[in-house]
Amino acid sequence: MSSSITFKTLLALLVCFLITLSSPVAAAPVLPPDEARFAAALPNHVTGLHKRGLTGVNDFNCKLTAAHPRPLILVHATLLTAESWWSFTPTLRKRGYCVFALTYGRYNNIPIFGGLAPIEQSAQELATFVDNVMARMNATQVDYVGHSQGGILGRYWMKYLDGAGKVNRMVGIAPITHGTTLSGLVTFGKAVGLFNPVQTISDAIAPSFYQMVNSSPFIAKLNLGGDTIPGVIHSNIATRYDEVVTPYSTAWQTSPGATNALLQDMCGISFNEHLTMVNSMVVLQWVLNQLEPSTAKTANCFSRFFM
């Protein structure tokens, strides 16, 4: 995915698509709402994620080893899909990890975009997916890397569904740990009386959006009693240029024992924003360090040259 593709770009595409579906012009013959035909109408730089594919992912013939005894689960961000991990998976596979990824949160037959459905529903999808991976891989635990909404989905699964005890390490990449103000738009919307009317529209197309607002009942429930899960090794990385998790420090867990890091402390010239964190080789090296501390290498501006 090009670094120019931001959360705002994808959100604009989603809105434009929905407007097109509801406009009078749409009364003319409309393409079936399948991913392939919808993607064909979008610019090439937007559909890059879908055209790249993921080699070596969801391979149940992969062998767990003493070095990597647990399946590695990758869980994408809001608006993205499993394909968003295309820049991480080759290195993870080369390092010997058995990598598994799902696309969760499809909603109301809206193509292309994931992570739209109510988060509780997506968490159940995750639970089913991980249970299948564990059963087929004969594993008792997994390691977990989640981006954005993917960084909180696993906590809900572990805390309120059947995920307790099933995760060894949980790594969050710009996770929406404590919700978001969306760069102040939430505060502004409440001040001018637009917050509730807009929520009605948002909930019709993407219920998960308002669940991730910092004042939502979902975020309050998620963090009730602490923002970590007992027995899980937690770590999180944020970016100073995040326009979705705002302030960026709300990505970090405040309960004792969590490791929190800032991308720009490792490489001051990393300008990755929210969605492009999963295209950064500095972030990838940091993730590898969390997954396997015994072989950790310094994550810095030169990490892309030593993968």
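Structure: see above.
Overview of the structure. Sequence order as written defines the numbering, with residues in each chain counted from 1. The model is predicted, so local features are restricted to residues of pLDDT at least 70 and side-chain atom pairs to those at 80 or more, both for listing and for counting; the totals for chains, interfaces and linings are taken over all residues. For the side-chain quantities, the full set of heavy atoms in the structure was used; hydrogens and water were omitted.

## Digging into the side chain of Ser 216
Heads up, the condition is: Helix and strand definitions here come from DSSP, where helices need a minimum of 4 consecutive H or I residues and strands a minimum of 2 consecutive E residues; each element is numbered from the N-terminal end. Think of it in three bands: residues with accessible area under 20% of the maximum for their type are buried, residues over 50% are exposed, and the middle band is partly exposed, with areas taken using a 1.4 Å probe on protein chains only. Throughout this description, a polar contact denotes any pair of N or O atoms lying within 3.5 Å of each other; where both atoms belong to protein, one of them has to be capable of donating a hydrogen while the other can accept it, and for residues adjacent in sequence the pair is counted only when both atoms sit in side chains. We call two residues in contact when some of their heavy atoms are within 4.5 Å.
Mapped onto the elements, Ser 216 comes out in the loop between helix H9 (208–211) and helix H10 (217–222). Residue Ser 216 is classed as buried on the basis of its relative accessible area of 7%. At a separation of 2.6 Å, a polar atom in the side chain of Ser 216 contacts the main-chain carbonyl oxygen of Gln 211. A polar contact is formed between the side chain of Ser 216 and the backbone nitrogen of Ile 219, at a distance of 3.1 Å. Not counting residues within four places of it along the chain, the set of residues in contact with Ser 216 comprises Tyr 210 and Gln 211.

## Considering helix H6 (residues 150–160)
With 9 of 11 residues buried, H6 lies mostly within the body of the structure. For H6, the full list of buried residues reads Gly 150, Gly 151, Ile 152, Leu 153, Gly 154, Arg 155, Tyr 156, Trp 157 and Met 158. Where H6 is buried, its residues contact strand S1 (72–75), helix H5 (119–137), strand S3 (142–147), strand S4 (167–173), H10 and strand S5 (233–238).

## Quick word on helix H12 (residues 281–291)
Side chains of residues three or four places apart in an α-helix project in the same direction, reflecting 3.6 residues per turn. Within H12, 11 of the 11 residues are buried, which leaves the element mostly enclosed by the surrounding structure. Taken together, the buried positions of H12 are occupied by Met 281, Val 282, Val 283, Leu 284, Gln 285, Trp 286, Val 287, Leu 288, Asn 289, Gln 290 and Leu 291. At the N-terminal boundary of H12, the capping side chain belongs to Ser 280, with an oxygen 3.2 Å from the backbone nitrogen of Val 282.

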